[in-house]
Amino acid sequence: MDFAFGPEDERFRAEARDWLAEHFTGPFTVLEQQPGGHPGEGRGDMAARRAWERELGTGGWIGVGWDRTDGAYGNRAATLTQQVVWAEEYARAGAPGRLGHIGENLLAPTLLAHGDSAQRARFLPAIARGEELWCQGYSEPDAGSDLAGLRTRAVLDPAAGTYRITGQKIWTSLAHEADWCFVLARTEEGSQRHHGLSFLLVPMDQPGRIEVRPIRQLTGTAEFNEVFFDGAVARAEHLVGGAGHGWRVAMSLLAVERGVSTLVQQIGFAQELSRVVRLALETGAAEEPVLRDRLVRQWAELKAMRWNALRTLGAAQNPAGSPARNPAGSPVRDRGGSPVRDHAQDSAGTSAQDHTQDPVQDPAGSPVRDHARGLAQEPAGGPVPDHARNAAPRRAAPHDLPPRNAGPQFPGSRDPGPRDPGAPSVAKLLWGGWHQRLGELAVQVRGAAAALGPERWTTGRPYELDAFQRLFLFSRADTIYGGSDEIQRTIIAERVLHLPKESRR
């Protein structure tokens, strides 16, 4: 798909850029995103980050592009290209990882697809205002990537109209800050695997019934948590999608997490790669042929991830060869003004600019162009360097493209589930390994200096890391959390290639 930014999109860009310039100032600038940052990061002043969420909500910048069939919920309307524009400008401004990411980008689309009108009216406006934060209660000590093996139980008390939840969740991002948690629990006695599960919305403020224990990471932060439920209460009307249908709801949510969000995620990846390339130029590491080759390969793989995300998005919105449409209902158009049909062009020469980076300048003030230096311009969607241009595909062959109904839907759509069960797993495999390799590169270009902290360690500050060290350490988990690489490959083997299922005894 070629995102052709038209005049309305550029006006939207100007509005977003002006708003960020006016509001991402003063006390908020200490929250500026650094390499290795992510939505669930535990660094930064949490009071300031909560205030930033409310600032975004007041400006109408939370839930941009949510489906409006049942109401606006306090957010602003936006086409698909405008959603991409907002993400680009947010990343360009260096604005912080979002505390409200889980509520806005995971729960909200799920409620729009599976919740009832009362649930949407109760929870979506508070998310859109930046007032209520959410965490995700999926993984358990014995059911991480194998989510269907979870043991947390929820028992209905018909007289009270509530569920009582008992069990343990782990690796729960920002549970120590969250106001609510959506919990996948077993509600059917004797059920096994993905049967008999339900999706419940649970308030976190239940002293004596919910205990949160932070887990300290290699990075020294503690954004992940263990959460213990001991008779925690959830109201029956806060069960989403019906009793026993939790697996369907949970998989729908994971499709959003692993699908559409990867396109936005790549904007941040592009900035991280640009910083690593700049560092390689400053240290002279880019002169080493093997390392220079790795930098070029990293750029090319990021470009391929972007094309893959655009292709699957276009196919999901474009069944049976009809014109691709954005969430507002109007066709997505190419640069000539024609509707994009069926499989979109993956042409390097027509890729939309990402507007995430200004060109790196050489000492004379001219844009750096040659070889690895050219990578630092716009890794996610900018000009293809001369050495790579001839190798860039002009248009993928039909047999190389996904099925016409492949890929996840857009954020806030009525059906966020994947039409191709392999698309989310492919996306996860691509970005997890790529980001991990970027962390390794960030350390390698620094050489021996990577073993030193940014300042002298003291008793009061015994574990200070710089941004590239955090990137290296945290990215070690990228191929594990959200479903390990082994699980993703199993999904592709069994559900896409229809290979024999492995034994799960």
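Heads up: these notes are all about the structure in this document. Given the structure is predicted, the values throughout are model-derived calculations rather than measurements. (Residues numbered from 1 in each chain as written. Predicted model: local features only at pLDDT ≥ 70, side-chain atom pairs only at ≥ 80, totals over all residues. Heavy atoms only, no water.)

**Section: the packing of aromatic side chains**
Threshold: Only the six-membered ring of Trp is used, alongside the rings of Phe and Tyr, when aromatic pairs are assigned; centres must lie within 6.5 Å, and planes under 30 degrees apart are stacked while those over 60 apart are edge-to-face, with the rest tilted. Only DSSP runs of H or I covering at least 4 residues are called helices, and only runs of E covering at least 2 are called strands; the numbering of each starts at the N terminus. Buried means the residue's accessible area, taken with a 1.4 Å probe over protein chains only, is under 20% of the maximum for its type, while exposed means over 50%, and partly exposed covers the values in between. Geometrically, a lysine NZ or arginine CZ counts as sitting over a ring once it is within 6 Å of the ring centre and also within 35 degrees of the ring normal.
Following the criterion strictly, the structure yields 17 aromatic pairs and no others. When the ring of Trp-19 is compared with that of Trp-61, the centres are 6.1 Å apart and the planes differ by 55°; the resulting orientation is tilted. Highlighted residues: Trp-19 in helix α1 (residues 7–23) and Trp-61 in the loop between α2 (46–58) and α3 (80–92), separated in sequence by 42 residues. When the ring of Phe-269 is compared with that of Trp-434, the centres are 5.2 Å apart and the planes differ by 25°; the resulting orientation is stacked. A residue pair is termed long-range when its members are at least 10 positions apart, and Phe-269 in helix α7 (residues 261–283) and Trp-434 in helix α11 (residues 423–444) qualify at 165 residues. For Trp-434, a relative accessible area of 1% translates into the label buried. Pairwise contacts between aromatic rings join Phe-12, Trp-19, Phe-24, Phe-28, Trp-52, Trp-61, Trp-86 and Tyr-90 into one cluster. For the cation-ring pair, Arg-213 lies above Phe-228, with the distance from its terminal atom to the ring centre recorded as 4.2 Å. Taking the ring centre of Trp-431 as reference, the NZ or CZ of Lys-428 above it sits at 5.1 Å.

**Notes on the pattern of salt bridges**
Counted only if it meets this: Between Lys or Arg on one side and Asp or Glu on the other, a salt bridge is scored when a side-chain nitrogen of the former is within 4 Å of a carboxyl oxygen of the latter.
Tallied over the full model, the rule gives 19 salt bridges. Glu-104 is paired through a salt bridge with Arg-98; the nearest N and O atoms lie 2.8 Å apart. By relative accessible area, which is 7% here, Glu-104 ends up buried. Arg-98 sits in the buried class, given a relative accessible area of 12%. Bridged by salt links that share partners, the residues Glu-10, Arg-13, Arg-17, Glu-88, Glu-89 and Arg-92 form one connected network.

**Quick notes on unusual backbone geometry**
Leaving glycine out, the prevailing phi sign among residues is negative, and the prevailing peptide bond configuration is trans. Not every positive phi belongs to a glycine, and Trp-171 is a case in point at roughly 60°. Here Trp-171 shows up in the loop between β3 (162–169) and β4 (180–186). In the Ramachandran plot, His-498 falls in the positive-phi region, its phi being about 55° despite a non-glycine side chain. Relative to the elements of secondary structure, His-498 occurs in the segment after α13 (485–496).

**As for the nonpolar core**
Using the following cut-off: In these notes, a set of buried Ala, Val, Leu, Ile, Met, Phe, Trp, Tyr and Cys residues joined through side-chain atoms within 4.5 Å is what counts as a nonpolar core. We call two residues in contact when some of their heavy atoms are within 4.5 Å.
Formed by 49 residues in total, the largest nonpolar core has its most connected members in Trp-52, Trp-86, Trp-134, Phe-182, Phe-199 and Leu-201. If you list the elements that add at least two residues to this core, you get α1, α2, α3, α4 (101–114), α5 (117–128), β4, β5 (197–203) and α6 (246–258). With six residues, the top contributor of residues to this core is α4. Setting aside its immediate chain neighbours within four residues, Trp-134 contacts Ile-102, Gly-103, Leu-107, Phe-123, Ile-127, Ala-178, Trp-180, Cys-181, Phe-182 and Leu-201.

**Section: the state of the cysteines**
Disulfides are covalent bonds that connect the sulfur atoms of two cysteines. To keep it simple, the criterion reads: Here, a disulfide means two cysteine sulfur atoms that sit within 2.5 Å of each other.
By the definition in use, this model includes zero disulfides. Left unpaired, Cys-135 is separated from the closest cysteine sulfur, that of Cys-181, by 3.6 Å. Taking the relative accessible area as the measure of exposure, Cys-135 reaches 0% and is therefore buried. Since its relative accessible area comes to 2%, Cys-181 is described here as buried.

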